[in-house]
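Given next are the chains, with one letter for each unit.
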Amino acid sequence: MCKPGYFEVSYVINPWMAENIGKVDKSLATRQWNQLYDTISGKANIRLIEPVADLPDMLFTANAGLVTKNHEVIVSSFRHAQRQGESQHYKKFFADEKYQLKSIDTNIIFEGAGDALFDADGELWFGSGPRSDAAAVREIAGTLKVKITALELVDPRWYHLDTAFCPLGDGYALAYKKAFSADSVNTIQKKLGEKVIWVSDEDALNFACNAICLDHQVILYRASTELKAALKRYNFTVIEIDVSEFMKSGGSCKCMTLEI
Ligand code: ARG
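Presented here is a report on the structure given in the accompanying data block.

What counts, and at which threshold
- Residues numbered from 1 in each chain as written.
- Predicted model: local features only at pLDDT ≥ 70, side-chain atom pairs only at ≥ 80, totals over all residues.
- Heavy atoms only, no water.
- Phe/Tyr/Trp six-rings, centres within 6.5 Å; stacked < 30°, edge-to-face > 60°.
- Helix = DSSP H or I, 4+ residues; strand = E, 2+ residues; numbered from the N terminus.
- Buried < 20%, exposed > 50% of the residue type's maximum accessible area, 1.4 Å probe, protein only.
- Lys NZ or Arg CZ within 6 Å of the ring centre and 35° of its normal.
- Near = heavy atom within 4 Å.
- Polar contact = N/O pair within 3.5 Å; in protein donor to acceptor, adjacent residues only side chain to side chain.
- Areas by Shrake-Rupley, 256 points an atom, 1.4 Å probe, with all protein chains shown as cover.
- Pairing = 2+ DSSP bridges.
- Axes fitted to C-alpha atoms, helices over the stretch in contact; angles between N-to-C directions.
- Salt bridge = Lys/Arg side-chain N within 4 Å of Asp/Glu carboxyl O.
- Contact = heavy atoms within 4.5 Å.
- Core = buried A, V, L, I, M, F, W, Y, C linked by side-chain atoms within 4.5 Å.

It is worth spelling out the packing of aromatic side chains at this point. The description of an aromatic ring pair rests on the distance of the ring centres and on the angle between the ring planes. Applying the stated criterion to the full structure yields 12 aromatic pairs. Centroid distance tryptophan 16 to phenylalanine 207: 4.9 Å. Interplanar angle 70°. Geometry classified as edge-to-face. Of this pair, tryptophan 16 sits in the segment before helix H1 (26–41) while phenylalanine 207 sits in the loop between helix H6 (201–205) and strand S10 (212–214); the two residues are 191 residues apart in sequence, bridging distant segments of the chain. For tryptophan 16, a relative accessible area of 18% gives the class buried. Of the residues examined, phenylalanine 207 reaches a relative accessible area of 1% and is grouped as buried. Pairing tyrosine 172 with tyrosine 234 gives two aromatic rings, centres 4.4 Å apart and planes at 25°, and the pair type is stacked. In this pair, tyrosine 172 sits in the loop between strand S7 (165–167) and strand S8 (173–175) while tyrosine 234 sits in the loop between helix H7 (225–233) and strand S12 (237–240), placing the two residues 62 residues apart along the sequence. Relative accessible area serves as the criterion here: at 14%, tyrosine 172 is assigned to the buried category. Overall, the relative accessible area of 25% leaves tyrosine 234 in the partly exposed class. Here the basic side chain of arginine 233 rests over the ring of tyrosine 234, its NZ or CZ set 6.0 Å away from the ring centre.

If you want it as C-alpha coordinates, here you go:
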(Lines give C-alpha, C1' and ligand atoms only; values in the text may rest on other atoms or scores of the structure.)
Protein backbone atom coordinates (compact mmCIF):
# COMPACT_ATOMS: atom_id res chain seq x y z
CA MET A 1 0.00 0.00 0.00
CA CYS A 2 1.01 3.65 -0.26
CA LYS A 3 -0.06 6.38 2.17
CA PRO A 4 -2.26 9.05 0.61
CA GLY A 5 0.34 11.75 1.39
CA TYR A 6 -0.11 13.61 -1.89
CA PHE A 7 -3.54 12.30 -2.83
CA GLU A 8 -5.94 14.73 -4.49
CA VAL A 9 -8.03 14.98 -7.64
CA SER A 10 -6.12 17.47 -9.75
CA TYR A 11 -6.70 16.09 -13.26
CA VAL A 12 -9.27 13.98 -15.06
CA ILE A 13 -8.29 10.60 -16.50
CA ASN A 14 -11.53 8.76 -15.77
CA PRO A 15 -15.17 9.95 -15.68
CA TRP A 16 -15.42 9.80 -11.88
CA MET A 17 -12.76 12.47 -11.49
CA ALA A 18 -14.54 14.99 -13.73
CA GLU A 19 -16.78 16.48 -11.05
CA ASN A 20 -14.25 16.22 -8.28
CA ILE A 21 -11.25 18.42 -9.03
CA GLY A 22 -10.09 19.96 -5.74
CA LYS A 23 -12.91 18.31 -3.80
CA VAL A 24 -11.02 15.74 -1.72
CA ASP A 25 -11.23 16.23 2.03
CA LYS A 26 -7.63 15.30 2.78
CA SER A 27 -7.90 14.68 6.49
CA LEU A 28 -10.97 12.50 5.92
CA ALA A 29 -9.06 10.65 3.17
CA THR A 30 -6.24 9.95 5.61
CA ARG A 31 -8.66 8.62 8.22
CA GLN A 32 -10.37 6.41 5.63
CA TRP A 33 -7.06 5.07 4.33
CA ASN A 34 -5.97 4.32 7.93
CA GLN A 35 -9.15 2.36 8.47
CA LEU A 36 -8.50 0.28 5.37
CA TYR A 37 -4.90 -0.23 6.50
CA ASP A 38 -5.97 -1.32 10.00
CA THR A 39 -8.56 -3.71 8.58
CA ILE A 40 -6.09 -5.40 6.24
CA SER A 41 -3.20 -5.39 8.67
CA GLY A 42 -5.16 -7.71 10.96
CA LYS A 43 -5.26 -10.27 8.12
CA ALA A 44 -2.06 -9.78 6.09
CA ASN A 45 1.42 -8.29 6.30
CA ILE A 46 1.56 -4.91 4.61
CA ARG A 47 4.61 -3.37 2.92
CA LEU A 48 4.48 0.35 2.21
CA ILE A 49 5.95 2.32 -0.68
CA GLU A 50 6.72 6.01 -0.04
CA PRO A 51 4.31 8.44 -1.69
CA VAL A 52 5.88 10.94 -4.10
CA ALA A 53 4.92 14.62 -4.59
CA ASP A 54 3.04 15.42 -7.82
CA LEU A 55 1.95 11.80 -8.21
CA PRO A 56 -1.47 12.04 -6.54
CA ASP A 57 -2.68 8.65 -7.83
CA MET A 58 0.32 6.71 -6.60
CA LEU A 59 -1.63 5.34 -3.62
CA PHE A 60 -3.60 3.23 -6.12
CA THR A 61 -0.90 0.59 -5.93
CA ALA A 62 -2.98 -1.97 -7.82
CA ASN A 63 -1.63 -0.17 -10.86
CA ALA A 64 2.03 -0.62 -9.91
CA GLY A 65 2.35 -3.82 -11.88
CA LEU A 66 1.47 -7.47 -12.16
CA VAL A 67 3.13 -9.59 -9.48
CA THR A 68 3.35 -13.39 -9.59
CA LYS A 69 3.74 -15.92 -6.81
CA ASN A 70 7.24 -16.61 -8.18
CA HIS A 71 8.48 -13.18 -7.16
CA GLU A 72 8.30 -11.79 -10.70
CA VAL A 73 6.80 -8.45 -11.64
CA ILE A 74 5.85 -6.65 -14.83
CA VAL A 75 5.81 -2.97 -13.86
CA SER A 76 3.05 -0.93 -15.52
CA SER A 77 3.35 1.34 -18.55
CA PHE A 78 0.60 3.88 -17.92
CA ARG A 79 -1.71 5.29 -20.57
CA HIS A 80 -1.79 8.82 -19.15
CA ALA A 81 1.20 11.13 -18.76
CA GLN A 82 -0.10 12.10 -15.29
CA ARG A 83 0.68 8.60 -13.95
CA GLN A 84 3.71 7.64 -16.04
CA GLY A 85 6.12 9.05 -13.43
CA GLU A 86 5.01 6.35 -10.97
CA SER A 87 6.67 3.48 -12.84
CA GLN A 88 10.25 4.35 -11.89
CA HIS A 89 9.35 4.38 -8.18
CA TYR A 90 7.62 1.01 -8.41
CA LYS A 91 10.60 -0.41 -10.31
CA LYS A 92 12.92 0.69 -7.54
CA PHE A 93 10.62 -0.72 -4.86
CA PHE A 94 10.48 -4.15 -6.53
CA ALA A 95 14.22 -4.19 -7.29
CA ASP A 96 14.95 -3.39 -3.61
CA GLU A 97 12.56 -6.17 -2.60
CA LYS A 98 14.50 -8.57 -4.86
CA TYR A 99 11.68 -9.22 -7.30
CA GLN A 100 12.62 -10.30 -10.79
CA LEU A 101 11.66 -7.41 -13.07
CA LYS A 102 10.21 -8.69 -16.34
CA SER A 103 9.90 -6.21 -19.14
CA ILE A 104 7.39 -6.13 -21.93
CA ASP A 105 7.32 -3.85 -25.00
CA THR A 106 7.03 -0.41 -23.39
CA ASN A 107 4.99 0.91 -26.33
CA ILE A 108 2.20 -1.32 -25.09
CA ILE A 109 0.03 0.13 -22.37
CA PHE A 110 -0.44 -2.19 -19.40
CA GLU A 111 -1.78 -1.00 -16.05
CA GLY A 112 -0.85 -3.97 -13.89
CA ALA A 113 -3.20 -5.52 -11.36
CA GLY A 114 -5.81 -2.91 -12.28
CA ASP A 115 -6.35 -4.90 -15.47
CA ALA A 116 -4.93 -8.34 -14.66
CA LEU A 117 -6.27 -10.46 -11.81
CA PHE A 118 -5.23 -13.93 -10.70
CA ASP A 119 -7.98 -16.24 -9.53
CA ALA A 120 -7.58 -18.86 -6.82
CA ASP A 121 -6.42 -21.43 -9.41
CA GLY A 122 -3.57 -19.17 -10.52
CA GLU A 123 -5.18 -18.34 -13.85
CA LEU A 124 -5.05 -14.77 -15.05
CA TRP A 125 -8.04 -12.66 -16.10
CA PHE A 126 -7.04 -9.72 -18.26
CA GLY A 127 -9.14 -6.71 -19.30
CA SER A 128 -8.33 -4.35 -22.17
CA GLY A 129 -10.15 -1.21 -23.23
CA PRO A 130 -9.99 2.25 -21.65
CA ARG A 131 -6.55 1.58 -20.14
CA SER A 132 -4.53 -1.53 -21.04
CA ASP A 133 -4.00 -2.41 -24.71
CA ALA A 134 -5.39 -5.72 -25.97
CA ALA A 135 -1.88 -6.46 -27.28
CA ALA A 136 -0.64 -6.73 -23.69
CA VAL A 137 -2.06 -10.29 -23.52
CA ARG A 138 0.50 -11.55 -26.00
CA GLU A 139 3.26 -9.80 -24.09
CA ILE A 140 2.18 -11.19 -20.71
CA ALA A 141 1.75 -14.70 -22.12
CA GLY A 142 5.21 -14.52 -23.66
CA THR A 143 6.77 -13.35 -20.40
CA LEU A 144 5.01 -15.28 -17.64
CA LYS A 145 3.89 -18.89 -17.75
CA VAL A 146 0.22 -18.30 -17.08
CA LYS A 147 -3.08 -19.22 -18.60
CA ILE A 148 -4.93 -16.03 -19.56
CA THR A 149 -8.58 -15.25 -20.21
CA ALA A 150 -8.84 -11.98 -22.14
CA LEU A 151 -11.87 -9.74 -21.63
CA GLU A 152 -12.90 -6.45 -23.20
CA LEU A 153 -14.13 -3.48 -21.15
CA VAL A 154 -16.54 -1.23 -23.04
CA ASP A 155 -17.78 1.48 -20.62
CA PRO A 156 -15.38 4.30 -19.61
CA ARG A 157 -16.81 4.30 -16.06
CA TRP A 158 -15.50 0.77 -15.51
CA TYR A 159 -12.13 1.59 -16.99
CA HIS A 160 -10.03 -1.03 -15.18
CA LEU A 161 -10.88 -4.72 -14.92
CA ASP A 162 -10.79 -4.48 -11.12
CA THR A 163 -13.69 -2.00 -11.18
CA ALA A 164 -15.99 -4.62 -12.73
CA PHE A 165 -14.60 -8.05 -11.92
CA CYS A 166 -13.29 -9.66 -8.75
CA PRO A 167 -12.20 -13.27 -8.33
CA LEU A 168 -13.14 -14.47 -4.83
CA GLY A 169 -12.23 -17.76 -3.16
CA ASP A 170 -13.66 -21.19 -4.08
CA GLY A 171 -13.96 -20.29 -7.78
CA TYR A 172 -16.54 -17.54 -7.23
CA ALA A 173 -16.29 -14.07 -8.77
CA LEU A 174 -18.16 -10.79 -8.74
CA ALA A 175 -18.78 -9.22 -12.14
CA TYR A 176 -20.78 -6.45 -13.75
CA LYS A 177 -22.29 -7.28 -17.13
CA LYS A 178 -22.60 -3.79 -18.61
CA ALA A 179 -18.89 -3.14 -18.24
CA PHE A 180 -18.07 -5.88 -20.77
CA SER A 181 -18.61 -6.63 -24.44
CA ALA A 182 -21.23 -9.30 -25.18
CA ASP A 183 -18.47 -11.77 -26.06
CA SER A 184 -16.73 -11.15 -22.76
CA VAL A 185 -19.98 -11.64 -20.81
CA ASN A 186 -20.30 -15.01 -22.55
CA THR A 187 -16.71 -15.88 -21.74
CA ILE A 188 -17.20 -15.11 -18.05
CA GLN A 189 -20.50 -16.99 -17.93
CA LYS A 190 -19.02 -20.04 -19.68
CA LYS A 191 -15.91 -20.18 -17.53
CA LEU A 192 -17.59 -19.61 -14.18
CA GLY A 193 -21.09 -21.00 -14.69
CA GLU A 194 -23.08 -20.71 -11.45
CA LYS A 195 -20.10 -19.29 -9.65
CA VAL A 196 -20.34 -15.83 -11.17
CA ILE A 197 -22.24 -13.34 -9.03
CA TRP A 198 -23.50 -10.65 -11.42
CA VAL A 199 -23.87 -7.40 -9.50
CA SER A 200 -26.63 -4.80 -9.95
CA ASP A 201 -26.16 -1.29 -11.39
CA GLU A 202 -26.34 0.10 -7.86
CA ASP A 203 -23.58 -2.19 -6.60
CA ALA A 204 -21.46 -1.59 -9.70
CA LEU A 205 -21.75 2.17 -9.22
CA ASN A 206 -20.59 1.71 -5.64
CA PHE A 207 -17.59 -0.24 -6.99
CA ALA A 208 -18.64 -3.42 -5.17
CA CYS A 209 -16.43 -5.35 -7.60
CA ASN A 210 -13.41 -3.39 -6.40
CA ALA A 211 -13.11 -5.71 -3.44
CA ILE A 212 -10.29 -7.33 -1.51
CA CYS A 213 -11.02 -10.94 -0.69
CA LEU A 214 -9.02 -12.31 2.22
CA ASP A 215 -10.06 -15.80 3.17
CA HIS A 216 -13.83 -15.48 3.10
CA GLN A 217 -13.97 -11.82 4.00
CA VAL A 218 -14.78 -9.36 1.25
CA ILE A 219 -13.62 -5.81 1.95
CA LEU A 220 -15.37 -3.15 -0.14
CA TYR A 221 -16.91 0.33 -0.08
CA ARG A 222 -20.60 -0.57 -0.11
CA ALA A 223 -22.76 -3.56 -0.92
CA SER A 224 -26.55 -3.79 -1.18
CA THR A 225 -28.50 -6.11 1.12
CA GLU A 226 -29.06 -8.39 -1.90
CA LEU A 227 -25.36 -8.64 -2.63
CA LYS A 228 -24.52 -9.26 1.02
CA ALA A 229 -27.14 -12.03 1.08
CA ALA A 230 -25.76 -13.60 -2.11
CA LEU A 231 -22.24 -13.54 -0.71
CA LYS A 232 -23.43 -14.99 2.58
CA ARG A 233 -24.99 -17.93 0.72
CA TYR A 234 -21.55 -18.80 -0.60
CA ASN A 235 -19.88 -18.35 2.78
CA PHE A 236 -18.44 -14.87 2.33
CA THR A 237 -18.86 -12.05 4.82
CA VAL A 238 -18.69 -8.39 3.85
CA ILE A 239 -16.67 -5.68 5.55
CA GLU A 240 -17.67 -2.19 4.38
CA ILE A 241 -15.16 0.63 4.60
CA ASP A 242 -16.10 4.20 3.80
CA VAL A 243 -13.62 5.27 1.13
CA SER A 244 -15.76 8.14 -0.23
CA GLU A 245 -12.75 10.41 -0.79
CA PHE A 246 -11.04 7.84 -3.03
CA MET A 247 -14.26 7.17 -4.96
CA LYS A 248 -13.89 10.81 -6.11
CA SER A 249 -10.81 9.65 -8.00
CA GLY A 250 -12.53 6.55 -9.39
CA GLY A 251 -10.88 4.23 -6.92
CA SER A 252 -11.98 2.05 -4.01
CA CYS A 253 -10.60 -0.52 -1.57
CA LYS A 254 -8.98 -2.97 -3.96
CA CYS A 255 -7.21 -0.33 -6.09
CA MET A 256 -5.42 0.88 -2.97
CA THR A 257 -3.71 -2.47 -2.55
CA LEU A 258 -1.46 -4.75 -4.52
CA GLU A 259 -0.96 -8.34 -3.44
CA ILE A 260 2.76 -9.13 -3.49
N1 ARG B 1 -7.50 8.03 -10.46
C2 ARG B 1 -6.91 6.75 -10.72
C3 ARG B 1 -6.81 6.51 -12.22
O4 ARG B 1 -7.72 6.89 -12.93
C5 ARG B 1 -7.68 5.66 -10.06
C6 ARG B 1 -7.05 4.32 -10.27
C7 ARG B 1 -7.83 3.21 -9.68
N8 ARG B 1 -7.13 1.99 -9.86
C9 ARG B 1 -7.69 0.82 -10.19
N10 ARG B 1 -6.92 -0.22 -10.20
N11 ARG B 1 -8.93 0.71 -10.56
O12 ARG B 1 -5.85 5.97 -12.71
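Contacts to the ligand come from 17 residues, most closely from Asn14, Arg83, Arg131, Asp162 and Ser249. Within the contact set of the ligand, a nitrogen atom lies 2.9 Å away from a side-chain nitrogen or oxygen of asparagine 63. Measuring from a nitrogen atom of the ligand, one finds a backbone N or O atom of serine 249 at 2.8 Å. Here the ligand loses 100% of its free accessible area of 350 Å² to cover by the protein chains.

On to the sheet that holds S12, then. The mixed open sheet is built from 3 strands, whose spatial order is S10-S11-S12. Every interior strand has two partners, whereas the edge strands, S10 and S12, have only one. Averaged over all pairs of adjacent strands, the angle between their axes in this sheet comes to 25°, without regard to strand direction.

In this structure the tally under the stated criterion is 14 salt bridges. We note a salt bridge from lysine 69 to glutamate 259, for which the minimum N-O separation is 3.7 Å. Of this pair, lysine 69 sits in the loop between strand S1 (65–67) and strand S2 (72–75) while glutamate 259 sits in the segment after helix H8 (244–247), placing them 190 residues apart in sequence. Each member of the pair, lysine 69 as well as glutamate 259, is classed as exposed. Its salt-bridge partner being lysine 254, residue aspartate 162 comes within 3.2 Å of it at the nearest N-O pair. Residue aspartate 162 is found in the loop between strand S6 (148–152) and S7, and its partner lysine 254 is found in the segment after H8; the two are separated by 92 residues along the sequence.

Across the sheet, 3 strands lie side by side as S7-S8-S9; this open sheet has mixed pairing. On the outer flanks of this sheet lie S7 and strand S9 (196–198), each paired with one strand and no other. Ignoring strand direction, the axes of neighbouring strands in this sheet form an average angle of 15°. Inspection of the sheet shows S7 paired to S8 by 3 bridges, in the antiparallel sense. The partner of phenylalanine 165 across the bridge, within S8, is alanine 175. Relative to S9, helix H5 (residues 182–192) is tilted by about 140°, and along the sheet it contacts S7, S8 and S9.

Bringing the nonpolar core into the picture now. Of all hydrophobic cores here, the largest spans 76 residues; its most connected members are Leu36, Phe94, Phe165, Leu168, Leu174, Phe180 and Phe246. For this core, the element with the most residues is H1, which contributes 4 residues. Core analysis: the next-biggest nonpolar cluster, separate from the first, contains 12 residues, Ile104, Ile108, Val137 and Leu144 among them.

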